[in-house]
Amino acid sequence: MDAIAIVEKLNYYYPEGKGERQVLFDINLSIFPGEVIILTGESGSGKTTLLTLIGCLRSMREGSLKIFGEELLNASEKKRMTLRRRIGYIFQHFNLFEFMTVGQNVQSSLVHEKMLPAQARQQTQDLLTAVGLGDRLNSYPRELSGGQKQRVAISRALVHEPKLILADEPTAALDSETGRDVVNLIRNLAKDKGSAVLIVTHDRRILDIADRIVRIEDGKLITAYREEMTLALPTIEDQYFKQLEGKYQTKDFDPGEIVIDEGDDADTFYVIVEGIFEAVKIVPDSPPKLLRQMHKNEYFGEIGLLTPGSKRTATVRVSEDAPGKAIAIDRETFASLVKDSELTYAAVSHQLRKRLTDPEMGENDPNV
Amino acid sequence: MQLRYCKQSLAIAWWQLRHQKAQTLAAIVGIAFTTVLLFMQIGFRSSFIGSLVQFPKSFDCDIFIVSASSVTVLRPLPFSERRLYQVLGVEGVESVSPTYINSFLWRDPRDRSLFLRQVMGIGFPLNSRFFEAPGVADNLDKLKLNKSVLIDERSRPEFAPIIDLFRQQGKTIEEIKTSSQGGLHRIKVVGLFELGTSTSFDASIVMSKSTFLSLFDRHPSQIDWGLVRVKPGYDVDEVTERIREYLPNDVRAFSKADVLNKERNFYEYRTPLGLIFRFGLLASVVVGIIILYQILYVKIAQSIQEYATLKAMGYSQQALTLVVIGEASILAVSGYIPGFLASCWMYEFLETATQMIFVMRLDVAIAVLVSISFICFVSGGLAVGKLKEADPADIFG
C-alpha cells in the first residue's frame, strides 16, 4: 500500500533574532492509509510545527515531504493550497465559523468538490445524522455544547472524504468522557473511509485509540516507548513509568530470530512495539508447533517472572515475515512495577489467567 | 475563479454581515450618511449653477450682446441701444430686442420699516416676445398699465405674504425703493410668473419697458442686454462671429450656449464657491472611505482566525478577497438606498425653503452611486491588505 505521507530527513528552522533556530531534526515518518497515529511530546518540542508542515500549511526548508505522492519541497503556495483541499483539519478550539449554521459549516468543505448543491446538502445531512446532530443542521455553533461543536468540526473535516486527517489536541477543550467519544468518532469515521489520521495530543487517556504512537523530543522523532507500554499495560499509572525511565531498553530482532528459549532462566519481560512474535513449542523430530501469535501492544515473559526461579515455558521467536522490536524490562524492575501497583498486578494476573484457561494453551502448556 | 467559489464567497459575505447586525447597521448608516453628504454637495452645486443660468435660459434668443465692461453676462452694465440696432445689418440676424435689468429694494409688508433686498426688475418692450418664463405671455396685456408688474411666484418665502395678498385680492399695491436717494415708488402687482431665485436675487418682477424706464429713472437709449435671434438655417457661432467683427469693441457678443457655459465656468472656477463645492465633494468621499475602511478593517481583524481556517481549508486568497469586496458592495448598495431616499426628501425640503432648483436627476443619482461604489472598492481594497495576516500556519497550537 502506498503511503499517504512520507517524511524523509526533514529539518525545519524558525527565525530567531538575527539568525535562526532549528526546531525539527532529521524527521522520518510514513503515514499509511487507514492508520491512526498519535504524535506526542512536550510543549515546544516541535510537534505542532511538524503537523503544520504535513498539513501543507507552511513552506518546507530541507528534506523531503511527500503528500499524496506530491513533493512539498519548493512547492508553490498554489500547490500547497490545492493539496490542503484533500486534507481534513480538526482543531483544539474547533474553529467553527460562528456566522454559519452547523450545516453551512460542514458544507463549506464541499465547495472544492464538483457536485450539485443538493448533493452537497444531502452529504452534509447524512454525516451530521451519523454523528448524532442530524436535527441541529440550522443551529448556530454558539447554541451547541463543546462536544457537539467538536462533532460539527469533525464532520466538516471529514465530509469531503479526505485521505489524510490532521487533528491538533482534539480533546483538550473537552471533558474526559466527551473527549473519549470524540476520538472514537474520529477513529471510526476514518477507518470506514480508509483515511489516515494524525493526532497531536498530550492526553494520555486517548493513547489507546492509536495504531502507532510517535514522540517528538527536542525536535527529534522517537518511538514512544512509554506510551506504547501504556497501551500494553493500560492500568499502569504515570508515576510508575517515571520510575521506569532508563531501566528498560528496546531490542530489535531479525525475522525468525529467537527471543527466548524454552527452559532458559526467566529474567526479562517484553512488550511488543513492532512486528509479530510467535510462541512455539519445539517438538523433537517435527516442525515447531505454533501456540499463539502476539502483536503490537501485547507482552510476554511475565509468566516466568511471577514465580521466582522458574524457567521459560515456551520458545518465543519473531515471525519469518518481518523484523520485530520489543521493549525489554529486567526481573528486578518488573517485580517493583508489579509490587508497587496493585492495578498492574491485577492486570498481569488477569492476562495470565486468560492464557492459562485458554484450552489450547492449557493443553499445550502442561508445565504451567 | 469558478462560479461556485464566487457564490460561496458572496454567501460568506452575506452571512458575516447578517451575523454582526449592530456593526452592519452602523456601516449602513455611515454609508447612507456619506450618500446624503454627496447628494447635498452635488445638489447645492448644480442647484446653484442651475439657478444662476435659469434666468438667461428663459430668454428665447440665440445671441446676447452686453457692454464690454460687464464682468459676466448676469451682471451687465448699460450700453447704447444704437449698437443693438446696428446688428440688424449683419447677415443672418432675424430680430433683436433690448432688455433692461436692475435690482431694487422692496418694503417688507410685515414690518414696514424694513426693506427686502435683492429684487430683480426685468423690463422689455411688450411686443418683443423674447422672455419666455411661464406666465409672462398670458399676462402681457395687464402690463400695459403704468407701474404694473408681475411677481415671480417662486420667490423666496419672505415674499410669500405679497403673493398671498395678490391671490386674495387679485392685485396689490406695494412700495419699492429704486435708488439710494429717494427713489420710492408705488407699484401694482397684477399677475404672477415663474422663474425661481438664485444666489444673486431673492425675487424678481417683470414690467414693460416704459414702466422700467420711469421706475429706475433710466435713459431710454441705455440698455442692459441686447437679444438677437438668428434666421433659420444660419449657424449661431458664425453669426456671432460676424457680429463681433461688425461692432466696435465697447460691446461684446456671446452665443446663448456660450453664455450658459461661461456662467457655469465663472462660478465653478473663478469664485470660491466652486472650489468649496469640489473640496466638499472630495471631503465626503474621503470621509466615506475612512468610515468604511475602519469598519471593514475591524471586521477582518475580528474574523482573522476564521479567515485563516478558510485558508487552511484550501480557500484561495482571491476567494477571501471576494468576501471582503462582497461585504463592501452589499454595504454600498444597502447604504445607498436609504441615503438616496433621505436625499430626495432633503431636496424637496431645500427647494421649498430656498425656491432654488433642487431636482433629483438620474445622472446625478447614478454619479453618486458610482462614487459610493468607488468608496467601497477603495476601502475594501485597502482592508484586503489585513487579510494577509490570516496565516493558516497559525491556526494550530
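Before going into details, it helps to say that this report is about the structure given with it. The structure displayed is predicted, hence computed values, not measured ones. (Residues numbered from 1 in each chain as written. Chains lettered and ligands numbered in written order. Predicted model: local features only at pLDDT ≥ 70, side-chain atom pairs only at ≥ 80, totals over all residues. Heavy atoms only, no water.)

Moving on, we get to the overall build of chain A. What chain A contains, in helices and strands, is 12 helices and 18 strands. Sorting the 368 residues of chain A into buried and exposed places 52% on the buried side. Look at the contacts in chain A between residues 6 or more apart in sequence, and 72% of them connect residues 24 or more apart. (Helix = DSSP H or I, 4+ residues; strand = E, 2+ residues; numbered from the N terminus. Buried < 20%, exposed > 50% of the residue type's maximum accessible area, 1.4 Å probe, protein only. Contact = heavy atoms within 4.5 Å.)

All names here are of chain A. Taken in spatial order, the six strands line up as 6-7-8-3-9-10 in an open sheet, and their pairing is mixed. Each edge of the open sheet is held by one strand with a lone partner, namely strand 6 (87-90) and strand 10 (220-223). Strand-to-strand, the axes of this sheet are offset by a mean angle of 20 degrees, without reference to chain direction. With four bridges connecting them, strand 3 (residues 36-41) and strand 8 (residues 196-200) associate as parallel partners. Paired with Leu-39 across the strands is Val-200, a residue of strand 8. Sheet strands in contact with helix 5 (residues 146-158) are strand 6 and strand 7 (164-168), and its direction is about 165 degrees off that of strand 6. (Pairing = 2+ DSSP bridges. Axes fitted to C-alpha atoms, helices over the stretch in contact; angles between N-to-C directions.)

In this section: the side chain of Glu-306 of chain B. With respect to the secondary-structure elements, Glu-306 of chain B resides in helix 9 (residues 304-312). Of note is the side chain of Glu-306 of chain B, whose polar atom sits 2.9 Å from the backbone nitrogen of Glu-98 of chain A. (Polar contact = N/O pair within 3.5 Å; in protein donor to acceptor, adjacent residues only side chain to side chain.)

Strand pairing within a sheet occurs via backbone hydrogen bonds; the two strands may be parallel or antiparallel. All names here are of chain A. Spatial ordering of the open sheet is given by 2-1-4-5, a layout of four strands whose pairing is antiparallel. This sheet does not close on itself; its edge strands, each paired only once, are strand 2 (19-31) and strand 5 (70-71). Sheet topology note: the strand 1 (residues 5-16)/strand 4 (residues 62-67) ladder contains five bridges and is antiparallel. From the neighbouring strand, Ile-6 faces strand 4, where its bridge partner is Lys-66. Relative to strand 2, helix 1 (residues 47-54) is tilted by about 65 degrees, and along the sheet it contacts strand 1, strand 2 and strand 4.

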